[in-house]
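Chain by chain, the residues run as shown.
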Amino acid sequence: MPSMYRKLRPASISSPSSSFFARLTLSFSRMARRSSLPKFIAAILILLALYALFRIPFSSPPPSFSISSAPKPATKIYLCNLPEKFTYGVIRSYLLARGSSSSAELRYPGHQHSAEWFLFSDLLRLNSDTSPIIRVSDPSQADLFYVPFFSSLSLIVNPIHPTTESSPASYSDEQMQEQLVDWLEQQDHWKRNKGRDHVIICQDPNALYKVIDRIRNSVLLVSDFGRLREDQASLVKDVVLPYSHRINPYKGEIGVEKRPSLLFFMGNRYRKEGGKIRDTLFQILETEPDVIIKHGAQSRESRRHATQGMHSSKFCLHPAGDTPSACRLFDAIVSLCIPVIVSDFIELPFENIIDYKKIAVFVATNEAVTPGVLVGRLRAVGEERVLEYQKEIKKVKHYFEYENPNGTVDEIWRQVSSKLPLIKLMINRDKRLVKRGVNTTDCSCICSSKLDETLN
């Protein structure tokens, strides 16, 4: 143990300094008997001065000190210089497929998977003093490489129901996916570390589905892991993003006076896979007097009704859809409407800083489909508890607002930066490992279910 943390020795225990003072005192005592009083007094003063000189450093408290934690340096990100067809070209193809002229302004169309646009736009801006990242122009200086392909928009370029004015579908998302990875695999910065230090956004659950095995080493930015295998993506390696909210945020204060409805839901009643629960919930809830539950597809009119419903309800239902998550969860949060999550396999964004139990009610699927259980639990929540939920939601609401300068985008970059130690570990590990089988599961891909099994 360092000397400054050792306890001082009791006075009764002899030490070199105490022996010294004993001998010196005895010497001066004998001198006093043989000499005059003035000399004796002078000697006493010298003795006191020496005593003070030796004693003070040992009797004073240990010096206090603090270890100041210097701020972490900003992560250096290189914006990969993709051919334009993977960015603005996707926007152009989307607009042309809907009858716009080739000279129309290239404005990214708003939809629930707009994170790819917000991240790209953020990197195009000048570096901010408050940003957790710095964009670098030299790839040799970069910690990470961001690949700005608009993969979610590419997926929906061709309209489901083309208008008569639009030309026959000539855009192929699958070809774009293949061409993107072909381009990446030719780049030195990709080949150097097998793409491990690259960040690729595929927020729509079907985005980049054809090439996902070729980019699985990279940090993937996803909405959930509903359609990804455990050897392709994981909580350990990748980052879960919030959907872009599609309704206007609630501007008022917390309270229940302007929220007469108990529970609100508006969305597609019939979904595949885990979303089949929706039809059952409709049957159970549609006769409840203080519950509003409506079938509605995405449209401007539906968003208007959804805004009104969420802003006037205490709770907003979030059942699983085709995948465990959906944008209405984040619509509810920006509406200060307490989310009621009925989705057993959902993964949520930013859980290292947000305790969702403070802002949402979780109900297991087998309980929710039991008549009376769901509404019974909600009616048992008192007004004071509702206000507590709303207060907590208001504290974290900015994390789900992409337009907020200190909101979603900055937090995504912080989450991405937190992956750097693992990335460096895997890069260094790759350098010394013998070649393994192609189908060997990488240890960085630990799915949430495997994590749960390990922890339990």
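If you're wondering where the values come from, they're calculated on a predicted model, not measured in any experiment. (Residues numbered from 1 in each chain as written. Predicted model: local features only at pLDDT ≥ 70, side-chain atom pairs only at ≥ 80, totals over all residues. Heavy atoms only, no water.)

A. Here's a closer look at the environment of Pro-148. Examined against the element boundaries, Pro-148 turns out to sit in the loop between β3 (144–147) and α5 (151–155). For the pair formed by Pro-148 and Asn-81, sequence separation is 67 residues and the distance between their alpha carbons is 8.6 Å. (Helix = DSSP H or I, 4+ residues; strand = E, 2+ residues; numbered from the N terminus.)

B. Local environment of the sheet that holds strand β4 (residues 198–201). Overall, parallel pairing links the 6 strands, which are arranged β2-β1-β3-β4-β5-β6 in an open sheet. At either margin of the open sheet sits one strand with a lone partner, and together these are β2 (133–136) and β6 (239–240). As judged from the 3 bridges shared by strand β1 (residues 75–79) and β3, these two strands associate in the parallel manner. Each residue of the ladder has a partner; that of Tyr-78, found in β3, is Phe-145. (Pairing = 2+ DSSP bridges.)

C. Geometry of the nonpolar core. By size, the foremost hydrophobic cluster in this structure holds 103 residues, and its most contacted members are Tyr-146, Leu-221, Leu-263 and Leu-285. Setting aside chain neighbours within four positions, we find Leu-263 in contact with Leu-285, Asp-290, Val-291, Ile-292, Ser-313, Phe-315, Cys-316, Leu-317, Val-340, Leu-374 and Leu-378. By size, the runner-up hydrophobic cluster in this structure holds 8 residues, among which are Phe-264, Met-266, Ala-306 and Met-310. (Core = buried A, V, L, I, M, F, W, Y, C linked by side-chain atoms within 4.5 Å. Buried < 20%, exposed > 50% of the residue type's maximum accessible area, 1.4 Å probe, protein only. Contact = heavy atoms within 4.5 Å.)

D. Representation of the packing of aromatic side chains within the structure. Inspection of the entire model under this criterion finds 15 aromatic pairs. Ring geometry for Tyr-78 against Phe-145: centres 5.9 Å apart, planes inclined by 70°, an arrangement best described as edge-to-face. In this pair, Tyr-78 is assigned in strand β1 and Phe-145 in strand β3, connecting sequence segments 67 residues apart. Among the residues examined, Phe-145 registers a relative accessible area of 0% and is labelled buried. (Phe/Tyr/Trp six-rings, centres within 6.5 Å; stacked < 30°, edge-to-face > 60°.)

E. The arrangement of the state of the cysteines in detail. The full count for this structure, using the stated rule, is 1 disulfide. Note on cysteine connectivity: Cys-316 is disulfide-linked to Cys-337, with sulfurs 2.1 Å apart. When the S-S torsion is 105°, as for the bridge of Cys-316 with Cys-337, the disulfide is right-handed. Of this pair, Cys-316 sits in strand β9 (residues 313–319) while Cys-337 sits in the loop between α10 (328–334) and β10 (338–342), placing them 21 residues apart in sequence. The class of Cys-337 is buried, set by a relative accessible area of 0%. (Disulfide = S-S within 2.5 Å.)

F. Layout of helix α3 (residues 88–96). By the burial criterion, the buried members of α3 are Gly-89, Val-90, Ile-91, Tyr-94 and Leu-95. In this structure, the buried residues of α3 make contact with α4 (115–124), α5 and α6 (173–185).

G. Expanded view of the sheet that holds strand β7 (residues 261–267). The parallel open sheet is built from 5 strands, whose spatial order is β8-β7-β9-β10-β11. Strands at the two margins of the open sheet, each flanked by one partner only, are β8 (291–295) and β11 (361–362). When β7 meets β9, the two strands line up parallel, connected through 3 bridges. Pairing of Leu-263 across the sheet is with Phe-315, part of β9. Its contacts with the sheet place helix α8 (residues 277–285) against β7, β8, β9 and β10, and it is angled at close to 135° to β8. Those strands touched by helix α9 (residues 300–311) are β7 and β9, and its axis lies near 160° from that of β7. (Axes fitted to C-alpha atoms, helices over the stretch in contact; angles between N-to-C directions.)

H. Structural view of the pattern of salt bridges. Across all of its chains, the model carries 23 salt bridges by this definition. For Arg-269, the salt bridge identified is with Glu-286, shortest N-O distance 3.7 Å. Note that Arg-269 is positioned in the loop between β7 and α8 and Glu-286 in the loop between α8 and β8, a separation of 17 residues in sequence. The buried category is assigned to Arg-269, whose relative accessible area is 17%. Classification of Glu-286 by relative accessible area gives partly exposed; the value is 41%. Each of Glu-178, Asp-182, Glu-185 and Arg-214 takes part in salt bridges that share partners, so that together they form one network. (Salt bridge = Lys/Arg side-chain N within 4 Å of Asp/Glu carboxyl O.)

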